[in-house]
Amino acid sequence: MRKFDTQVQNLKYKVLREVARDAFAGTLHETAIEIPKRIIPGKVPSMRCCVYKERAVLAERVRMAMGGHRENPNIIEVIDIACDECPAAGYEVTSSCRGCLAHRCESVCKRGAITFDEHHTAHIDKSKCIECGACAKVCPYSAIANRKRPCQNACKVKAIKTGEDNAAVIDNKKCIACGACVYQCPFGAIVDKSFILDVIDILKKSEGNAAYHVRAVVAPSIASQFHYAKLGQVFTGLKQLGFYSITEAALGADMVATAESKELAEKEFLISSCCPAFVSYVKKSFPDLLPYVSENLSPMAAISRYLKDKDPDCRVVFIGPCTAKKAEVQRESVRPFVDAVITFEELQALFDSRDIDITALEESWLDDASYFGRIFARCGGLSDAVAQGIKEQGIEDFILKPATCDGIEMCRAALLKKSKNMLDANFIEGMACTGGCVGGAGCLTHGERNKAEVDKYGMLAADKSMSETLSQFKK
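Summary of the structure given here. (Residues numbered from 1 in each chain as written. Predicted model: local features only at pLDDT ≥ 70, side-chain atom pairs only at ≥ 80, totals over all residues. Heavy atoms only, no water.)

**Some words on the overall build of the protein**
Within the protein, the regular secondary structure consists of 20 helices and 15 strands. For the protein, the spread of C-alpha atoms along the three principal axes comes to 85 × 65 × 40 Å. By sequence separation, contacts in the protein at least 24 residues apart represent 75% of the contacts at least 6 residues apart. Accessible surface, the protein as shown: approximately 21900 Å² in total, 50% of it carbon and sulfur. One way to put it: in the protein the 63 positive side-chain charges average out to a point 3 Å from where the 61 negative ones average out. (Helix = DSSP H or I, 4+ residues; strand = E, 2+ residues; numbered from the N terminus. Contact = heavy atoms within 4.5 Å. Areas by Shrake-Rupley, 256 points an atom, 1.4 Å probe, with all protein chains shown as cover. Lys, Arg positive; Asp, Glu negative; His and termini not counted. Charge placed at Lys NZ, Arg CZ, Asp CG, Glu CD.)

Listed below in structure tokens is the structure:
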């Protein structure tokens with residue numbers, strides 16, 4: 001039964017599961033040091049120099065599963081000792097170099113970084129090279145390749161560089177906590193901090209306390225996860241973990257889409273505020289455009305505020321695909337409403353730490369949101385929902401022209417055009433992850449299937465409009 005895309009995810013899950021198991025038992029502080037030995041018991045094949053280094057790396061993974069380094073405000077961290085296998089990034093001459101006489105690479109290099117040996121084979125002097133790529137462009141044999149580290153290739157905001165010890169270093173001033181590097185690192189050397197212990201503490205405090213309600217808010221992208229079970233079984237599993245109630249974040253999406261459509265019509269141009277990584281990118285790279293960002297909270301924060309208004313003493317745990325949500329809850333505008341955030345990876349670890357086989361459970365169901373709230377989980381869903389909000393509110397004489405941005409590179413292009421007054425759109429839907437939330441770093445699985453599953457989930461609520469959905473919860 002395959003639950004994850006990669007073995008890196010599976011290893012991360014094993015650590016989370018063991019940490020959670022011991023935390024529920026109340027023995028974690030005594031047993032944490034033994035977890036690496038439990039996962040790698042005895043003499044087993046290791047991808048590193050020895051089993052002892054493997055266990056040392058696992059010890060750092062345990063630290064991250066327990067919250068990481070609290071002095072580092074970023075929720076994404078590098079495990080230095082795990083980051084030592086990737087070659088240095090940059091342009092290199094490959095064996096395809098034919099030793100031609102043209103020497104176009106040398107002619108185009110303005111820094112004099114290209115030299116040749118007695119066979120006319122090119123070599124690049126890294127002390128002079130500025131990684132401009134001009135030599136690669138003119139080589140007739142495509143013999144010069146750009147060797148990018150997976151993490152640097154994944155990071156579209158250029159927040160990762162190579163440190164003095166050849167390990168990756170994250171620039172917190174640029175990082176938007178999207179987690180792309182976490183998912184793409186083949187050694188699992190970049191990890192998102194886990195707050196699974198906070199969730200376990202909240203759940204344990206609710207045991208036997210009828211007045212202490214722990215409410216789960218689940219992202220609509222959950223419909224694209226846990227492929228080995230039925231969605232209704234996942235909801236029942238949450239109840240068995242100890243959650244008092246489960247609410248769809250898609251209901252918050254209905255709230256936000258309705259509010260943003262009205263705000264857009266009033267302001268005539270708007271940048272969406274739903275994706276925390278995208279909003280962080282606007283703040284760090286296009287601060288002059290901040291006044292255009294919607295004043296509304298994200299769907300997670302909007303529905304959590306609603307739950308806190310109805311039950312001020314409750315605790316709210318958001319469960320979704322997004323590492324950036326862990327950073328979002330640190331904002332002053334969101335902190336009062338959401339008590340903790342975990343990913344789908346961490347939810348799987350919670351299930352298994354309690355030996356809950358969700359495939360053996362009865363199904364329960366949620367019927368909170370509309371079709372449009374649920375399709376927020378994939379790129380284009382927000383724009384469709386805003387269009388629906390304009391229609392349902394009877395906003396006349398306003399035509400929506402969205403710029404639907406699938407991934408941070410498309411976000412950059414749209415924001416750059418807007419900064420130069422060249423954007424032919426009045427609404428920017430920014431999704432930092434490719435495909436939208438279904439491509440989030442905290443997903444168990446990724447791929448085109450996920451979009452289809454979200455649309456299928458949305459169609460189960462196709463008979464309800466956003467206004468009808470919201471009117472039911474105002475009663």
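After presenting the structure, the write-up continues.
**Focus on the environment of Asp171**
Positionally, Asp171 belongs in the loop between β7 (168-170) and α8 (180-184). Along the chain, Asp171 and Ser353 lie 182 residues apart, while their C-alpha atoms are 34 Å from each other. Engagement of the side chain of Asp171 in a polar contact is seen with the backbone nitrogen of Lys173, the distance being 3.0 Å. (Polar contact = N/O pair within 3.5 Å; in protein donor to acceptor, adjacent residues only side chain to side chain.)

**Remarks on the pattern of salt bridges**
Applying the stated rule across the entire model yields 26 salt bridges. The salt bridge involving Lys325 is made with Glu328; its shortest N-O contact spans 2.9 Å. Here Glu328 and Lys325 lie together in helix α14 (residues 324-328), a separation of 3 residues that amounts to about one turn. In this pair, the class of Lys325 matches that of Glu328, namely buried. One continuous salt-bridge network, built from bridges that share partners, spans Arg17, Glu18, Arg21, Asp22, Arg38 and Asp355. (Salt bridge = Lys/Arg side-chain N within 4 Å of Asp/Glu carboxyl O. Buried < 20%, exposed > 50% of the residue type's maximum accessible area, 1.4 Å probe, protein only.)

**Quick notes on a positive patch on the surface**
On the surface, Lys148, Lys156, Lys158, Lys161 and Lys174 cluster together to form a positively charged patch. Take Lys161: it is sitting in strand β6 (residues 160-162). (Patch = residues over 30% accessible without salt bridge, like charges linked within 9 Å, V, L, I, M, F, W, Y side chains within 5 Å.)

**Quick look at the sheet that holds strand β13 (residues 340-343)**
Read across the open sheet, the 4 strands follow the order β10-β9-β12-β13; overall the sheet is parallel. If you trace the sheet from one side to the other, it starts and ends with β10 (245-248) and β13, each paired once. For this sheet, the mean inter-axis angle between neighbouring strands, taken without regard to orientation, is 25°. Taken strand by strand, helix α15 (residues 344-353) contacts β12 (315-320) and β13, and its axis lies near 85° from that of β13. (Pairing = 2+ DSSP bridges. Axes fitted to C-alpha atoms, helices over the stretch in contact; angles between N-to-C directions.)

**Quick look at the packing of aromatic side chains**
Geometry of an aromatic ring pair is reported as the spacing of the ring centres plus the angle between the planes. Per the stated rule, a full pass over the model turns up 8 aromatic pairs. For the ring pair Phe4 and Tyr13, a centre distance of 5.2 Å and an interplane angle of 40° mean the geometry is tilted. In this structure, Phe4 and Tyr13 share a single accessibility class: buried. Considering the side-chain rings of Tyr281 and Phe286, the 5.8 Å spacing of their centres and the 70° angle between planes classify their relative orientation as edge-to-face. Look at Tyr281 and you get buried, because its relative accessible area is 3%. A connected cluster of aromatic rings, assembled from ring pairs, spans Phe226, Phe344 and Phe351. (Phe/Tyr/Trp six-rings, centres within 6.5 Å; stacked < 30°, edge-to-face > 60°.)

**Examining the sheet that holds strand β14 (residues 402-406)**
Taken in spatial order, the 3 strands make up an open sheet running β11-β15-β14, and their pairing is parallel. The sheet is open, and its two edges are formed by β11 (270-271) and β14, each paired on a single side. Here β14 runs beside strand β15 (residues 427-431); their pairing, made up of 5 bridges, is parallel. If you follow Thr404 over to β15, its bridge partner there is Glu429.

**Comments concerning helix α10 (residues 231-241)**
For α10, a buried count of 9 out of 11 residues is recorded, marking the element as mostly surrounded by other parts of the structure. Where α10 ends, the next residue or the one after it, Gly242, has phi of about 120°, a positive value.

**Points about the side chain of Thr445**
Of note, Thr445 is situated in the loop between β15 and α19 (448-459). Excluding its chain neighbours within four sequence positions, the residues that come into contact with Thr445 are Lys3, Asp5, Ser224, Gln225, His227, Val438 and Asn450.

**Some thoughts on the pairing of β13**
Remember that side chains alternate between the two faces of the sheet whenever the strand is regular. Here β13 shows two buried faces, one formed by Ala340 and Ile342 and the other by Val341 and Thr343. Relative to β13, β12 runs parallel, the two sharing 4 bridges. If you follow Phe318 over to β13, its bridge partner there is Val341.

**Some words on the nonpolar core**
Counting residues in hydrophobic clusters, the biggest one holds 72 residues, and the most contacted among them are Leu238, Phe243 and Ile319. When residues in this core are grouped by element, the largest group, 7 residues, is from helix α1 (residues 7-25). (Core = buried A, V, L, I, M, F, W, Y, C linked by side-chain atoms within 4.5 Å.)

**What to know about α15**
The buried fraction of α15 amounts to 10 of the 10 residues, a majority that puts the element mostly inside the structure. Of the residues making up α15, those classed as buried are Phe344, Glu345, Glu346, Leu347, Gln348, Ala349, Leu350, Phe351, Asp352 and Ser353.

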